[in-house]
Amino acid sequence: MIVSFDLDDTLFVSENKFKTEAPLKFPKNIIYKERLRLGTVGLMRYIREQNIKLWIYTTSFRSERYIRGLFKSYGIVLDNVINGEKHAKEVQAGHAEGMPSKYPSKYRIDLHIDDDISVYQNGKIYGFNVFLVGGQDDEWSQKIIHEIERIKAKKN
Ligand SMILES: [Mg+2]
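The structure presented is a predicted model; accordingly, all values stated were derived computationally and were not measured.

Parameters at a glance
- Residues numbered from 1 in each chain as written.
- Predicted model: local features only at pLDDT ≥ 70, side-chain atom pairs only at ≥ 80, totals over all residues.
- Helix = DSSP H or I, 4+ residues; strand = E, 2+ residues; numbered from the N terminus.
- Buried ≥ 20, exposed ≤ 12 C-beta atoms within 10 Å, placed from the backbone.
- Contact = placed C-beta atoms within 7 Å.
- Core = buried A, V, L, I, M, F, W, Y, C linked by C-beta atoms within 7 Å.
- Expected span 1.5 Å × (residues − 1).
- Arc of directions from axis to C-beta.

## Details of the overall build of the protein
Right, so step 1: Check the secondary structure of the protein and you find six helices and five strands.
Right, so step 2: Reading the secondary structure of the protein in the N-to-C direction produces β-α-α-β-α-β-α-β-α-β-α.
Right, so step 3: With the C-alpha coordinates aligned to their principal axes, the bounding extent of the protein is approximately 45 × 35 × 30 Å.
Right, so step 4: Per-residue burial for the protein yields a buried fraction of 31% across its 156 residues.
Right, so step 5: Sequence-distant contacts in the protein: of pairs separated by 6 or more residues, those separated by 24 or more amount to 56%.

## A few points about the nonpolar core
Right, so step 1: The biggest cluster of nonpolar side chains holds 30 residues, and the ones touching the most others in it are I56, L111, I113, F131 and I144.
Right, so step 2: Elements with a contribution of two residues or more to this core: β1 (2-5), α2 (40-49), β2 (53-57), α3 (64-73), β3 (80-82), β4 (111-114), β5 (130-132) and α6 (140-155).
Right, so step 3: Once residues within four sequence positions are removed from consideration, L111 is found in contact with V3, N129, F131, E147, I148 and I151.

## Description of the environment of N51
Right, so step 1: For N51, the position within the fold is in the loop between α2 and β2.
Right, so step 2: With 20 residues separating them along the chain, N51 and F71 place their C-alpha atoms 17 Å apart.

## Focus on α6
Right, so step 1: An ideal rise of 1.5 Å per residue puts 22 Å on 16 residues; α6 measures up with 23 Å between its terminal C-alpha atoms.
Right, so step 2: Every buried residue of α6 is accounted for by W140, S141, I144 and I148. Projected down its long axis, α6 carries its buried residues within an arc of 90°, all on one side. The exposed residues of α6 that point more than 90 degrees off its buried face are H146, E149, R150, A153 and K154.
Right, so step 3: The inward-facing, buried residues of α6 contact β1, α2, β4 and β5.

What follows is the structure in structure tokens.
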């Protein structure tokens, strides 16, 4: 099973609007300035403990090395990273017609977590599972665990 996360406004959030994980200690906090939505570390740990593959799927052009390094600093190992560059090469290339901004089914991703309603709507059209996150919600990670359990049960 593979679960992927968007970054901007999904895991990387504004500390003015959201409860966030503690910042990294110096000097990592100079390299990695983004703040993680509170609960991200626990949720990702849970996913790894369940032997579920943990991916990042972002349309941003942050490098894979940067993204991996940031999560590694929180003790989280990522199984794969799809960034804007990889998506352009692996999903969009060879298609004259527009492809969806994210195409999790291309990668056999079982559940993708995102804040973008259009990604959610594309999931309905193209047939992939998207869990939509919004504003501050103390229960968000619990809801995702629920959704993972539901999809896992369906697969077996
Ligand atoms: Mg986003």
